[in-house]
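Here's the letter readout for the chains.
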Amino acid sequence: MRKKSQGNVMNLVTIGLSILAMTIVVTAYLQCTELMLKKTEVSQVSRKYILKMETEGYLSQSNENAMIQELRNLGVQNIDLTGTTQSPVTYGDTIILSIRGNIRMNMVDVEEVWNGGNSTRTLKLEEKRMSTAKN
């Protein structure tokens, strides 16, 4: 009979650490992707309303309320429109749409990984668009 060869525990440890490292990398990637997706959605909302502002010459109260509601639906909080053109301007004048706010994201914190939980962080969000009134 042949003698059994001894297994190497270090091979198993190496494989386990590699799997753990890849899990952390994939989780971090997914969180960054989620943040970029939210930023893209906010950019789409701002584009929609800057186009409306071009035709009207300013951000009307009804459009402001609708935009704020859309941003809240995306998870944006503490919305500030300071710097936005909110009074009518003439044809050819510059119009500005400035959106600032906070967005809450679930993120894996290195310290929390060992406790089995995620941390929620509030990130600042800023979107600024300029165009020309075509009213």
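**What to know about the overall build of the protein**
Then, number 1: Looking only at helices and strands, one finds three helices and three strands in the protein.
Then, number 2: Its helices and strands taken in sequence order, the protein reads α-α-β-β-α-β from the N to the C terminus.
Then, number 3: A buried classification covers 28% of the 135 residues belonging to the protein.
Then, number 4: Across the protein, contacts joining residues at least 24 apart in sequence account for 64% of those joining residues at least 6 apart.

**Structural notes on helix H1 (residues 9-56)**
Then, number 1: Its 48 residues place the ends of H1 71 Å apart at the C-alpha level, agreeing with the 70 Å of an ideal helix rising 1.5 Å per residue.
Then, number 2: Taken together, the buried positions of H1 are Gln31, Val42, Ser43, Val45, Ser46, Tyr49, Ile50, Met53 and Glu54.

Rules of the game
- Residues numbered from 1 in each chain as written.
- Predicted model: local features only at pLDDT ≥ 70, side-chain atom pairs only at ≥ 80, totals over all residues.
- Heavy atoms only, no water.
- Helix = DSSP H or I, 4+ residues; strand = E, 2+ residues; numbered from the N terminus.
- Buried < 20%, exposed > 50% of the residue type's maximum accessible area, 1.4 Å probe, protein only.
- Contact = heavy atoms within 4.5 Å.
- Expected span 1.5 Å × (residues − 1).

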